[in-house]
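So you can see what is in the structure, the chains are spelled out below.
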Amino acid sequence: MAEETIFSKIIRKEIPADILYQDELVTAFRDISPKAPTHILIVPNVLIPTVNEVEAEHEQALGRLFTVARKLAAEAGLSEDGYRLIMNCNRHGGQEVYHIHMHLLGGRPLGPMLAR
Ligand code: DGP
């Protein structure tokens, strides 16, 4: 069994977070340390530690990440100018919380995808 992270507690509303959306598959809440005017995390409710543990049974929840990202981006007024979706994996990817999550970033030009 994978070890739970702070995100499981946020999903269960055991600790506070600015939750913008929740359904039976995913939860979206504002990042505690925003890197852009809009910085939202969209997470599957089921604990999947990294993309390396993704299985076919997760496809519905992981697809929902995108429909919720599209909806929240539109609500934040980001659709036309654009935004960035990021999912980090393990050390080289810069993953800090081992419960996979999609970052939705926008509200300013975000610059090149990667710093050298
Ligand atoms: P990553 O590096 O991809 O694992 O991103 C983890 C993100 O999670 C990072 O941007 C900060 C955010 N984060 C960490 N702990 C908390 C928390 O307790 N609450 C919220 N809202 N965000 C958190």
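Here is a short report on the structure shown in this document. (Residues numbered from 1 in each chain as written. Predicted model: local features only at pLDDT ≥ 70, side-chain atom pairs only at ≥ 80, totals over all residues. Heavy atoms only, no water.)

Description of the pattern of salt bridges
Across all of its chains, the model carries six salt bridges by this definition. Salt-bridge contacts for arginine 12 lead to glutamate 14; the nearest nitrogen and oxygen are separated by 2.7 Å. The class of arginine 12 is partly exposed, set by a relative accessible area of 40%. The partly exposed category is assigned to glutamate 14, whose relative accessible area is 48%. With its nearest N and O atoms 2.8 Å apart, the salt bridge here joins glutamate 75 to lysine 71. Remark: lysine 71 and glutamate 75 occur in helix α2 (residues 59-75); sequence separation between them is four residues, near one turn of the helix. Taking relative accessible area as the criterion, lysine 71 reaches 30% and is therefore assigned partly exposed. Linked by salt bridges that have partners in common, Glu4, Arg12 and Glu14 make up one network. (Salt bridge = Lys/Arg side-chain N within 4 Å of Asp/Glu carboxyl O. Buried < 20%, exposed > 50% of the residue type's maximum accessible area, 1.4 Å probe, protein only. Helix = DSSP H or I, 4+ residues; strand = E, 2+ residues; numbered from the N terminus.)

So, the environment of proline 44
Turning to its location among the elements, proline 44 is positioned in strand β3 (residues 38-44). The class of proline 44 is buried, set by a relative accessible area of 0%. Considered as a pair, proline 44 and glutamine 60 are 16 residues apart in the sequence and their alpha carbons are 9.7 Å apart.

Overview of the packing of aromatic side chains
The tally for this structure, following the rule as stated, stands at one aromatic pair. Ring geometry for phenylalanine 7 against phenylalanine 29: centres 5.2 Å apart, planes inclined by 75°, an arrangement best described as edge-to-face. Here the residue phenylalanine 7 occupies a position in helix α1 (residues 6-11), and phenylalanine 29 occupies one in strand β2 (residues 26-30), the gap between them amounting to 22 residues. The two residues phenylalanine 7 and phenylalanine 29 agree in class, both being buried. (Phe/Tyr/Trp six-rings, centres within 6.5 Å; stacked < 30°, edge-to-face > 60°.)

Details of unusual backbone geometry
Residues apart from glycine generally show negative phi values, whereas peptide bonds are mostly found in trans. Here lysine 13, not a glycine, exhibits a phi torsion of approximately 60°, which is positive. Looking at the element boundaries, lysine 13 is found in the loop between α1 and β1 (19-22). Unusually for a residue other than glycine, asparagine 90 sits at a positive phi of about 60°. With respect to the helices and strands, the residue asparagine 90 is situated in helix α3 (residues 90-93). Note on asparagine 90: relative accessible area 29%, which makes it partly exposed.

Shape descriptors only; they carry no functional weight alone.
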